[in-house]
Amino acid sequence: MVYDTIAAISTAVGEGGIAIIRISGPDAIEATARIFRSRIDLREAESHTLHYGHIVDPKTGEQVEEVIVTLMRGPRSFTAEDVVEINAHGGVVAVKKVLDVVLLQDGLRLAEPGEFTKRAFLNGRIDLMQAEAVIDLIRSKSDRAFSVARKQAEGTLSKRIKALRQTVIELLAHIEVNIDYPEHDVEDLTSAYIREQSDKTLDEIGKLLKTANEGKILREGIMTAIVGRPNVGKSSLLNMLAQENKAIVTDIPGTTRDVIEEYVTLGPIPLRLLDTAGIRETNDIVEKIGVERSHTALEEADLILFVLNYNEEMHEDDRILLEKMADRPVIVIINKMDLSGKLDMDEVERLCKPESIVRMSVLEEEGLDLLEKTISTMFFEGQLSSGDLTYVSNVRHISLLKRAQQSLVDAIDATHSGIPIDLIQIDVRSAWESLGEILGDEVGDSLIDQIFSQFCLGK
Amino acid sequence: MNYEAGQYDIIVVGAGHAGSEAALAAARMGCETLLLTINLDMVAFMPCNPSIGGPAKGHVVREVDALGGEMGRNIDKTFIQMRMLNTGKGPAVHALRAQADKFAYQHEMKKTIEETDHLTLRQGMAEELIVEEGKVVGIVTSTGAIYRAKAVVITTGTYLRGKIIMGELMYQSGPNNQQPSLKLSASLKDQGFDLVRFKTGTPPRVHKDSIDFSKTEIQPGDDNPKFFSYETVSSDNEQLPCWLTYTSEKTHQIINDNLHRAPMFSGAIEGTGPRYCPSIEDKIVRFADKPKHQIFLEPEGKNTSEYYVQGLSTSMPEDVQLGILRSIPGLEKVEMMRNGYAIEYDAVKPTQLWPSLETKLVDGLFTAGQINGTSGYEEAAGQGVIAGINSARKVQGKEPVIIERSQGYIGVMIDDLVTKGTNDPYRLLTSRAEYRLLLRHDNADLRLTPIGYEIGLITEERYQAFLNKKELVSQEVERLRTTKIRPDAAEAMLVAANSAITNNSIDAMTLLRRPEITYAMLEKVSPSELPLTDEMMEQVEIQIKYAGYIEKQLIQVERLNKMEKKKIPDDIDYSDVHGLASEAKQKLASIRPLSIGQATRIAGVTPADISILIVYLEHYNRVIAARG
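Cut-offs applied
- Residues numbered from 1 in each chain as written.
- Chains lettered and ligands numbered in written order.
- Predicted model: local features only at pLDDT ≥ 70, side-chain atom pairs only at ≥ 80, totals over all residues.
- Heavy atoms only, no water.
- Pairing = 2+ DSSP bridges.
- Helix = DSSP H or I, 4+ residues; strand = E, 2+ residues; numbered from the N terminus.
- Axes fitted to C-alpha atoms, helices over the stretch in contact; angles between N-to-C directions.
- Contact = heavy atoms within 4.5 Å.
- Phe/Tyr/Trp six-rings, centres within 6.5 Å; stacked < 30°, edge-to-face > 60°.
- Buried < 20%, exposed > 50% of the residue type's maximum accessible area, 1.4 Å probe, protein only.
- Lys NZ or Arg CZ within 6 Å of the ring centre and 35° of its normal.
- pLDDT = per-residue confidence, 0-100.

S.K.: Honestly, the sheet that holds strand β6 (residues 83-88) of chain A in this entry has me stumped. Any pointers?
M.R.: Consider a sheet: its strands pair through backbone hydrogen bonds, and that pairing is either parallel or antiparallel. All names here are of chain A. The sheet built from seven strands is open, its strands ordered β3-β4-β5-β6-β2-β1-β7 with mixed pairing. Of all strands in the sheet, those bounded by a partner on one side alone are β3 (36-38) and β7 (108-110). Direction aside, the axes of adjacent strands within the sheet are offset by 35 degrees on average. In the sheet, strand β2 (residues 19-24) pairs with β6 via six bridges, with the strands oriented antiparallel. Within β6, the position partnered with alanine 19 by the bridge is alanine 88. Lying over the sheet, helix α1 (residues 28-35) contacts β1 (5-9), β2, β3, β4 (49-56), β5 (63-72), β6 and β7, oriented at roughly 65 degrees with respect to β3. Each of β1, β2 and β7 is contacted by helix α3 (residues 115-122), which is oriented at about 135 degrees to β1, the strand it contacts most.

S.K.: Would you take a moment to explain the packing of aromatic side chains for this structure?
M.R.: For any pair of aromatic rings, geometry is given as the distance between the ring centres together with the angle between the planes. Residue and element names in this part refer to chain B. Under the counting rule described, the total for this entry stands at seven aromatic pairs over all chains. Between phenylalanine 79 and phenylalanine 227 the ring centres are 6.2 Å apart and the planes differ by 50 degrees, which places this aromatic pair in the tilted class. With phenylalanine 79 in strand β5 (residues 79-85) and phenylalanine 227 in the loop between β16 (217-219) and β17 (242-246), this pair connects stretches of sequence that are 148 residues apart. We classify phenylalanine 227 as buried; its relative accessible area is 11%. Taken together, Phe213, Trp243 and Tyr307 form an aromatic cluster joined through their ring pairs. Its end group placed over the ring of tyrosine 426, arginine 432 keeps NZ or CZ at 4.0 Å from the ring centre.

S.K.: What is the right way to look at the confidence of the model for chain A in this model?
M.R.: Atom-level detail of predicted coordinates should not be read off regions where pLDDT is low. Residues and elements named next belong to chain A. Overall, the prediction assigns chain A a mean pLDDT of 76, with 70% of residues at 70 or greater. Residue range residues 244-260 is modelled with pLDDT below 50. Its contacts to residues more than four positions away, or to other chains, number 23 contacts. Considering only residues more than four positions removed or in separate chains, one finds that residues 277-291, a stretch of pLDDT under 50, has 21 contacts.

S.K.: Help me understand the side chain of serine 434 of chain A, please; the structure alone is not making it clear to me.
M.R.: Relative to the assigned elements, serine 434 of chain A resides in helix α14 (residues 421-439). In this structure serine 434 of chain A touches Leu400, Arg403 and Ala404 of chain A, once residues within four positions along its chain are discounted.

S.K.: Would you take a moment to explain unusual backbone geometry for this structure?
M.R.: If a residue is not glycine, its phi is most likely negative; likewise, a peptide bond is most likely trans. Of the consecutive residues glycine 74 of chain A and proline 75 of chain A, the connecting peptide bond is found in the cis state with omega at 0 degrees. Within the fold, proline 75 of chain A resides in the loop between β5 and β6. Of note in the backbone geometry, alanine 44 of chain B takes a positive phi value of approximately 50 degrees without being a glycine. One can find alanine 44 of chain B in the loop between β3 (33-37) and β4 (51-53). For asparagine 498 of chain B, which is not a glycine, the phi torsion comes out positive at approximately 60 degrees. Within the element layout of this structure, asparagine 498 of chain B appears in the loop between α14 (487-496) and β24 (506-507). Residue asparagine 498 of chain B is classed as exposed on the basis of its relative accessible area of 71%.

Okay, here's the thing in structure tokens:
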């Protein structure tokens, strides 16, 4: 029996060094081959072999993670189907990223609870005695998933998804009524209307997906680099941030990079300070020019705090750095505002975005609140303090939102190429179904209900 | 005093649109069939709108025709207007709709029935089922006639304990003041059937000479009408127009002033009415913001002056109805010939049926049409033909024919009914189908003629014509795939169609996929030598133009078909399935789905339950296999 292809993280979620994504089904090898950059083409690889390479997002070409891929062709595998296991070693975040890319491949979906085991049983890999155990597994895992889903359904996420679905179903009902009641005097369904409604929904989906990123930031902290020339006050800033949070300062030894990270919070915002050791080491001795180190920070950080001394004229290195950082998330801290101004502020404002300038005096402990506000605006659109943000963190939710997004983009494209509405409907309907899957709603009769409550029809 | 009145293979109770099809199908399949009706003058009568077809409904008529049913041929003979709707949309939702000469329609159908071998048409009212050991063996009529049969099909429409309601007036009646069937409901209840009370309604009819057509808009038929039946090639029927007008502010005022006299709101009506077909008073209350509603004036036939007032279904008192009519532009001086009314009737909860339309409670007993909770002539005909086929196959000891959801609207409808049931009279809509693009009205023959032929309802001659069409279409598709068109040959066409010109030779199929290029344009650049009819060209064009979308849906169908093919044995005991949620156990035991696919569509059965069921079935099958 042939099934569709399923994927899931099959190691326990936690801070383990290695995590495995298991993919099983007829498209397992093909789908992995599309996103796996290696010396070998997976499609031609022999069964039961290991391959080193990188997972690459085929859309952006971006390298997502360094991995080892295990290939097992059916029936000699756990599920008796073609199975690919991707071993990633970058921790939870990296693995989720990989799964994200995997799930966007055609024909793949996230595995249901207990589904690998179920397949193993149905394909005769597990004997009869274990059948009941399989059932218990499905039941208990689904119940747990259900209770989580229900918790989420009561939350703000579900409210937002429901609102989204309502917009989509109204559009859908409008399309359907035009098809099923062609002579009825309902408003004309224009391409512009379809685009308008789809755009509205896409906007909202975009916002939700952005919160996925915010959720990650909240869990892991914003990777922050403090850069600047010697004596501008980097270490004082670091100490101030660290002092504020003495109780929760922790040292996290990195696994792949030889840097020390420090985890602090600024108000509600968690920051993960990069290479703090580097700053400390050079604290009391003559500092090396930070340019070289800053280059690395420029590549890796989510946030760059670039410190300038108000009491000093701008150095050529500063100009070079500022130009380099033009496209990066940078906040320019003008330190030592308590001293007299030698810095040409007009020049600073020319070199960076005015809203990214924060004036501080670390010595006087002034300007910290402004820094907090600026970071919040940059990463959370200023909403963080409201404490009411919805976070999409579940991989399943993210992949379903992305599917809905793609369907609506397709629908909009279709309106531009003169495709008839009953075909555009197919895309709109799949968007609606993807959103419904997030809530676990049945498709059922709700569309029919919507048609008859939205439009006045009759003989 | 009861008497033995005859022995048949099959008895069909009721000769409306379901009963006529059921009886014709059974008789044509060689079964001795009795068709009983309360009034011989009411065979295939249209008690409500004088029209057939439209989106989804028109598709069903074509499906009935492809299966060898009569509705398509009958309306092609008797239409007084034919229109193709939705022509500005995709091919899947083009829909044929006919205005019928309702009297010609019923006379023509009666004649066909009377002339069919093995079919006996008789007046009589069935009052009681004779059931022995869980199997139906006959019926008893009000005159004491006992008819015996191996299978019985009940198609009672709105006659079962029918009650007409209009204003303060209420009386037992079938539609159009026919005698109602008062006793059969009790007999069904005795057999354990769960009945529900549904309601429907009809608008008043008015005299043509009292209409001022100058205040309305004309709605003519198509100049080159298409037909429902694949057998009809031409027609010289004269077409009559319909007319469009609107309700006025005054109409709404009159209704609002008289709501206290409306049975809809006074509580006099207990039956559940159809959502898609509300009465005018319902529309005005529920959509108070809408300033006016469309009213279509439709002729009821060539030899009558009666006009049907579409959009004005009502159960208001007669005097209010007249006031409403006369508030409508064009109807200021109208003569009302018949009043509108609401009618309540008993229906069987359709979840008590197998997908074959045989009841689960009584072996050999089938039901079809409005008694199953549907509304509409086409829905009735679709079920009728299936009940006729399956009762005949039952008698002949053959497996029932079940149309899949991916094969036809008939399949969608029956699966919806028997799997989910319905809370209000069920109407087919194209949006009920998940594979709308596959269930087109142009390909109903491709979908279902092979089935019709196999069961013996499609003649050899028609089948050969069908095969010929299929062959020519695929030859032409292949020709377009392999024919290269040079850039200079294509240029004039592309420029005229405002389409991008090409620098290289390009195959005709690729060009046809462009939305702005039609087969007709291409045919001029690259003419075909095949003897293609318009219908075949249309088929070629659709198959090529929408191949991408069609392919996508076919993949989905294939995936789901795996679930449909996983059969659930009849003797499974759900209470014995460890791990199933109790709601799922109860629902599954009540619906008794034939396949995993059907089980997935039962409300309240979760994906986890389905997983458990699949695991259980595998276990079950291995145990059976181990036992040898």
